[in-house]
Amino acid sequence: MQYDHIVIRYGELSLKGRNRKLFTTQLQQNVISAIREFPNTRVQKKRDRMYIVLNGENPEPIMERCRYIFGIQSLSLAIKVENDEEKIKENALALLKQANPTTFKVTTRRSFKDFPIGSQQFNQVLGGYLLVNTENITVDVHNPDLEIVVDIREDATYLTSAKILGAGGLPVGSSGKSLLLLSGGIDSPVAGYQAMKRGVELEAIHFHSPPYTSERAKEKVLDLAEKLTYYGKSIKVHIIPFTALQQKIHREVPHGYSMTVMRRMMMRISEAVAQKENILSLITGESLGQVASQTMESMHAINAVTNYPVIRPLVAMNKDEIIAISQQINMYSISIRPYEDCCTVFVPRSPKTKPRLEKVEQFENAIDFSQDIEDILNNIETVTISADNQSSDQLDDLL
Amino acid sequence: MIYLDNSATTKPDPDVLHSFQQVATHYFGNPSSLHSLGMDAERLLRKAREQAGGILHVNPTEIVFTSGGTEGNNLAIKGIALAHQNRGKHIITTSVEHPSVIEACEGLKQLGFEITYLPVDSDGRVHVKDVKNAITEKTILVSVMHVNNEIGTIQPIQEIGQLLSDYPKIFFHVDHVQGFAKVPLNMNEAKIDLCTISGHKIHGLKGTGLLYVKHGIKLFSLAHGGGQEADIRSGTENVPGIVGLVKAMRLANDRYYKEIDKLFDLKHYLMKALSKNRRIEINTPERESAPHIVHFSVPGFKPEVVIHALEEKDIYISTKSACSSKSADESQVLAACGKSYDNAASGLRVSMSFDTTAYEIDKFITELTTVLDKLSKVMG
């Protein structure tokens, strides 16, 4: 016996009203893109669920991929059989033998009412058949090791067993686009992930200061962005040549305020990139009170340069909660690679934790930064990390 | 050529060789170097580690790349013994292990360790109750192979792991060299702490392999130095070999999924054909044995003579394991199974790969019958 389908159940999507189709179509696209490297698969969309037809592909890695796609409530491996009592029995027995549990139960759903046996009665018929044809396996209707679900539909019957929880949320791409400030630390990728969970499609911006920050730091950010594509769509990463501006800030702004000014510059540049890319909001990994730039006063002074909504998914989370998510989504081991990013070079010994907005503005007004910003905007390197073509990496071909 | 000695070594996959050459040519940087050549090599190494972790369903940080099965087994056994000897100096293993396990244990005897070699039944299988009875206060390690390299018997790894989960102080090492991509083994479900895999048994290259070391387990290093491989195995990483190994793992895994039934069919076919020949005693057990190994004895016949006679027909099989075939006479594994001297001294092993075809097996059966008939006039 071999599983030939994966059943995908929608979560809150099925609660959507008339625009539900937009969501399910988006989800279908994301699933197709996520499993593109398995060329024999087909993704079929039905009103209340989706099927991946495996056509002989190994289901395990495909299930693993799908677990991370937002908009999926749960997943199961399934066998598709004809609406025929004997065929159902035969395959259910094979499925039970393969799983080899101590206890089981049968749950029948019969949406195809022309099937001659009622669902309650079929539970008993099939349960009895399975008991007679196996040894040392008993029925437990309350706490079974294995629940065999028999879903009798008009086109066919689907037999499923274990249900795996999906990532939930909304399909990426169904809630518009946002620009993530991606540093390479632990927080910002988690912030991006949390936003994606609500259907946001991402682009990312990274501030790079060679030679103070190494190529490996940039590599790290691209690796994080690649991990993020597993949860949704392709991601464009805008790499900002930040060295000259950072040096100028370091030279000309009093040290206590240099961090605040640098952050404001990052916001200004991010807003400009967002505007150019038709993106309507920014996302940061800030968590209130974590470091000097994330106090209430700093956020106030830094946020003052933009009118764009700044989404801060982690603002009320503790560091250990953020780390836990980072580990779950396999970002942590990348985030802790020990390369400096632009925020950790040129750091003053004691940055102001309570900067005053008038003072910052006063310092900035004394210096002309307009040319520097223009130079930066003209020299952005944009790398597109493709969600459906991850194996296009030269290195991956070698493996 | 009909090559049926795949448990000794396999023919490298052309794709693996291609990758090896590409990496050796273009990514020769030292992964620890700061410049971009080093960075590319480091990235490749990281990707290889991630892929290996993915295939084994473990964390990439739990993979230690080695030079192969012998080093993996030595590192696991001596590494645990030397790091945890203050807890006790007793090690349990079986009497049918590969020499790299048995000799590592014998070496430790010289340092005051006590070794228990568990007996096996006539199928070559160790019993969980014997493992349990052998455990003492001083036991720190149990080492059991998954698939026997001579006769293909599968050991009850899952049950032993289950038993050992009641003894949190005892580490569990599994030599999975013959089992990888042939008999599934889940590190988490079988509660394995250390697991050895070798590259050249799965169409990778000689000098490559890995040891799975469960997170948090401390090993005494056998190669101190620059701190590579999480400080467990220093020495500049063999990036081309590692890439080849991981590629071979992926290819073997894919073939397992698609072709394992075919391999089982070939084995059953071969066993059935051999069982019809009255001169032959099959040593590979009917149940719970690997899909690629068939071992049998032809009492009264010198195995070397049979091997060379087949070689003249361009068919390659072996006596016992290549690593022990230089030691004279009877197979220790067969002797441990309680076989007679006649049986144990006349063993022959056929080991297949996913490339083996039904035609080759048919040809082998025919030639073997002819050879035995011919030799019986001289020897029998």
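Residues numbered from 1 in each chain as written. Chains lettered and ligands numbered in written order. Predicted model: local features only at pLDDT ≥ 70, side-chain atom pairs only at ≥ 80, totals over all residues. Heavy atoms only, no water.

A. Structural context of the UniProt feature "binding site: ATP" (unreviewed entry) in chain A. Residues and elements named next belong to chain A. Mapped onto this numbering, the UniProt entry annotates "binding site: ATP" (unreviewed entry) at L181, L182, H206, F207, R263, G285 and Q294. By the element assignment, L181 lies in strand β9 (residues 177–181). For L181, a relative accessible area of 15% corresponds to the buried category. Excluding its chain neighbours within four sequence positions, the residues that come into contact with L181 are S188, I205, S270, L282, I283 and T284. The topology assignment puts H206 in strand β10 (residues 201–208). We classify H206 as buried; its relative accessible area is 3%. When sequence neighbours within four positions are dropped, the list of residues in contact with H206 reads L182, S183, V221, H238, I239 and I240. At 2.8 Å, the side chain of H206 forms a polar contact with the backbone oxygen of L182. (UniProt positions renumbered as here; feature names shortened; annotations may be inferred. Helix = DSSP H or I, 4+ residues; strand = E, 2+ residues; numbered from the N terminus. Buried < 20%, exposed > 50% of the residue type's maximum accessible area, 1.4 Å probe, protein only. Contact = heavy atoms within 4.5 Å. Polar contact = N/O pair within 3.5 Å; in protein donor to acceptor, adjacent residues only side chain to side chain.)

B. Looking closely at helix α1 (residues 14–26) of chain B. With 13 residues, α1(B) ought to run about 18 Å at 1.5 Å a step, and its terminal C-alpha atoms sit 18 Å apart, in line with that. Listing the buried residues of α1(B) in full gives V16(B), S19(B) and V23(B). Axial view of α1(B): buried residues confined to an arc of 65°, hence all on one face. Exposed and oriented more than 90 degrees from the buried face of α1(B) are P14(B) and Q21(B). At its buried positions, α1(B) is contacted by α14 (394–398) of chain A together with α2 (36–56) and α7 (239–275) of chain B. Regarding α1(B), its N-cap is D13(B), as a side-chain oxygen of that residue lies 2.7 Å from the backbone nitrogen of D15(B) further along. (Expected span 1.5 Å × (residues − 1). Arc of directions from axis to C-beta.)

C. Looking closely at a nonpolar patch on the surface. All names here are of chain A. The grouping of L131, V139 and V141 at the surface amounts to a nonpolar patch, some 230 Å² of accessible area in total. In this fold, V139 is placed in strand β6 (residues 138–139). Judged by its relative accessible area of 40%, V139 falls in the partly exposed class. (Patch = residues over 30% accessible without salt bridge, like charges linked within 9 Å, V, L, I, M, F, W, Y side chains within 5 Å. Areas by Shrake-Rupley, 256 points an atom, 1.4 Å probe, with all protein chains shown as cover. Salt bridge = Lys/Arg side-chain N within 4 Å of Asp/Glu carboxyl O.)

D. Just the interface of chain A and chain B, in detail. Tallying the contact residues gives 21 residues for chain A and 25 residues for chain B. When the area that chain A buries against chain B is broken down by residue, the three leading residues are R216(A), L398(A) and L399(A), summing to 43%. For the pair chain A and chain B, the interface holds four salt bridges. Of the charged contacts, one joins R216(A) and E42(B) as a salt bridge, the two residues approaching to 2.8 Å between their closest N and O atoms. At the surface where chain A touches chain B, the tally comes to 13 residue pairs in polar contact (both at pLDDT 80 or more). Of all elements in the fold, only α2 (59–66), α6 (215–229) and α14 of chain A reach the threshold of two or more residues within the side of chain A that touches chain B. Take the side of chain A that touches chain B: its biggest share by element is six residues, from α6(A). (Buried area = accessible area lost by both parts, 1.4 Å probe.)

E. Broad picture of the sheet that holds strand β10 (residues 293–297) of chain B. Residues and elements named next belong to chain B. Strands sit in the order β9-β10-β12 across an open sheet of three strands; the sheet is antiparallel. Looking at the sheet topology across the chains shown, the edges are occupied by β9 (281–282) and β12 (347–351). Here β10 pairs with β12 via five bridges, running antiparallel. Across the sheet, the residue bridging to F296 is L348, located in β12. Contacts between α7 and the sheet are confined to β9, β10 and β12, with β10 contributing the most and set at about 10° to the helix. (Pairing = 2+ DSSP bridges. Axes fitted to C-alpha atoms, helices over the stretch in contact; angles between N-to-C directions.)

F. View of the pairing of strand β3 (residues 90–94) of chain B. Residues and elements named next belong to chain B. Taking burial as the measure, the five residues of β3 include five buried ones, the bulk of the element. Taking every second residue as pointing to the same face, both faces of β3 are buried, with H90, I92 and T94 on one and I91 and T93 on the other. Pairing of β3 with strand β4 (residues 114–118) involves five bridges; the strand directions are parallel. The partner of T93 across the bridge, within β4, is Y117. Viewed along the sheet, the connection from β3 through helix α4 (residues 99–109) into β4 turns out right-handed. As paired elements, β3 and strand β5 (residues 139–145) share three bridges and run parallel to each other. Looking across to β5, one finds that H90 is bridged to T139. (Right-handed = clockwise from strand over helix to strand, strands pointing away.)

G. The arrangement of the nonpolar core in detail. All names here are of chain B. By size, the foremost hydrophobic cluster in this structure holds 59 residues, and its most contacted members are F65, V142, F172, F180, I192, L210 and M249. It is α7 that contributes the most residues to this core, nine residues altogether. When residues of this core are assigned to domains, at least three fall in each of domain 1 (2–8 + 259–379) and domain 2 (14–251). Residues contacting I192, with those up to four places away along its chain left out, are I157, F172, V174, L185, M187, Y212 and K214. (Core = buried A, V, L, I, M, F, W, Y, C linked by side-chain atoms within 4.5 Å. Domains from an automatic or database assignment.)

H. Structural detail: the packing of α6(A) against α2(B). Packing of α6(A) against α2(B) brings their axes to within 11 Å, and their N-to-C directions diverge by 30°. By the angle between their directions, the pair α6(A) and α2(B) is classed as roughly parallel. At the point where α6(A) passes α2(B), the crossing takes the right-handed sense. Each of E215(A), R216(A), E219(A), D223(A), E226(A) and K227(A) in α6(A) lies in contact with α2(B), whose residues at this interface are G38(B), M39(B), E42(B), R43(B), R46(B), K47(B) and E50(B). (Parallel < 35°, antiparallel > 145°, perpendicular 65-115°, else oblique. Left-handed = near helix turned anticlockwise from the far one by under 90°.)

I. Representation of the side chain of E364(A). All names here are of chain A. By the secondary structure assignment, E364 is in helix α12 (residues 357–365). The class of E364 is buried, set by a relative accessible area of 8%. A polar contact is formed between the side chain of E364 and the side chain of R268, at a distance of 2.6 Å. Ignoring sequence-local partners within four residues, the contact set of E364 consists of V261, R264, R268 and F369.

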